[in-house]
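# Descriptive structure summary
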Amino acid sequence: MPRLTTPLPRNLASILLAAALLLALSAAFGLDFGRLQQSLSSRFGAAPLALFADWQALLANGQTLGEKEKLRRVNDFFNQRIAFDDDISIWGQADYWATPLETIGMGRGDCEDFSIAKYYSLQAMGIPVNKLRLIYVRARQNGPAGVVLQAHMVLAYYATPNAEPLILDNLRPEILPAAQRADLSPIFSFNSAGLWQGAGNQSSKSSLSRWQDLLRRARAEGFE
């Protein structure tokens with residue numbers, strides 16, 4: 001067979017490199033990145049593909065990092081690259097839980113969307129699901145008329161089952177231990193394994209309809 005000595009056209013070389021990266025990432029993370037990209041572009045067009053590529057690079061580059069550095073990079077990525085907005089403005093609904101792909105596609109999200117995108121991303125980087133919980137809280141914030149309590153969601157990371165959790169939040173850029181977030185009062189927490197009341201022990205399997213619906217939609221997009 002004759003040897004190929006002519007270099008590949010730049011655009012073809014880029015396509016082949018991207019395809020190889022998609023296959024490598026899919027094998028490493030158990031995510032169907034080809035299907036995810038197709039879902040994204042078919043629904044949102046080409047505009048969010050650059051952000052999607054940066055998200056893939058985040059997951060790839062974070063594979064060999066320690067868990068706390070993974071937390072920092074994922075927290076910074078979404079806090080810095082996604083704009084905060086409410087569901088009415090984004091989706092025309094009072095309460096809509098977006099998949100990570102939808103958040104990337106819109107480039108905007110509310111507190112649930114930030115937390116869910118971080119949750120999926122950290123799992124893709126190798127952090128076990130039993131170390132992660134989405135927590136509904138009441139957040140004390142200063143308003144024009146004084147202090148107000150606002151429904152809010154954050155992501156918590158537990159290094160061990162009984163450890164004090166670290167809180168990833170879009171309201172504050174730094175990751176802090178829960179004891180340093182006196183402005184947050186937990187109501188309940190959950191992940192894909194179960195539901196917990198407050199910060200206590202597991203009480204029952206999750207029956208949250210929005211969470212179940214989100215899991216279903218995320219699987220249809222290409223998340224495992």
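For clarity, every value in this text was computed on a predicted model and none was experimentally measured. (Residues numbered from 1 in each chain as written. Predicted model: local features only at pLDDT ≥ 70, side-chain atom pairs only at ≥ 80, totals over all residues. Heavy atoms only, no water.)

The next subject is the overall build of the chain. Broken down by element type, the chain carries 8 helices and 9 strands. By the burial criterion, 43% of the 224 residues in the chain qualify as buried. Surface summary for the chain: the accessible area is close to 11600 Å², and the carbon and sulfur share equals 55%. (Helix = DSSP H or I, 4+ residues; strand = E, 2+ residues; numbered from the N terminus. Buried < 20%, exposed > 50% of the residue type's maximum accessible area, 1.4 Å probe, protein only. Areas by Shrake-Rupley, 256 points an atom, 1.4 Å probe, with all protein chains shown as cover.)

A regular strand places its side chains so that they alternate between the two faces of the sheet. Relative to strand β7 (residues 184–190), strand β3 (residues 132–143) runs antiparallel, the two being bridged by 6 bridges. From the neighbouring strand, Arg-138 faces β7, where its bridge partner is Ser-185. Here β7 pairs with strand β8 (residues 195–197) via 3 bridges, running antiparallel. Along β8, the bridge assignment pairs Ser-189 with Trp-196. (Pairing = 2+ DSSP bridges.)

Another aspect to go through is helix α4 (residues 67–81). For α4, spanning 15 residues, the distance from its first C-alpha to its last is 21 Å, which sits close to the expected 21 Å at 1.5 Å a residue. Looking at α4, one finds that the buried residues are Lys-70, Leu-71, Val-74, Asn-75, Phe-77 and Phe-78. An end-on view of α4 places all buried positions within 160° of arc, on one side of the element. Exposed and facing more than 90 degrees away from the buried side of α4 are Lys-68 and Gln-80. Residues of α4 that are buried sit in contact with α3 (49–61), α7 (111–124), β4 (146–157) and β5 (166–168). (Expected span 1.5 Å × (residues − 1). Arc of directions from axis to C-beta. Contact = heavy atoms within 4.5 Å.)

Direction of pairing for β3 relative to β4: antiparallel, over a ladder of 12 bridges. Looking at β4, one finds that Arg-133 is bridged to Ala-156.

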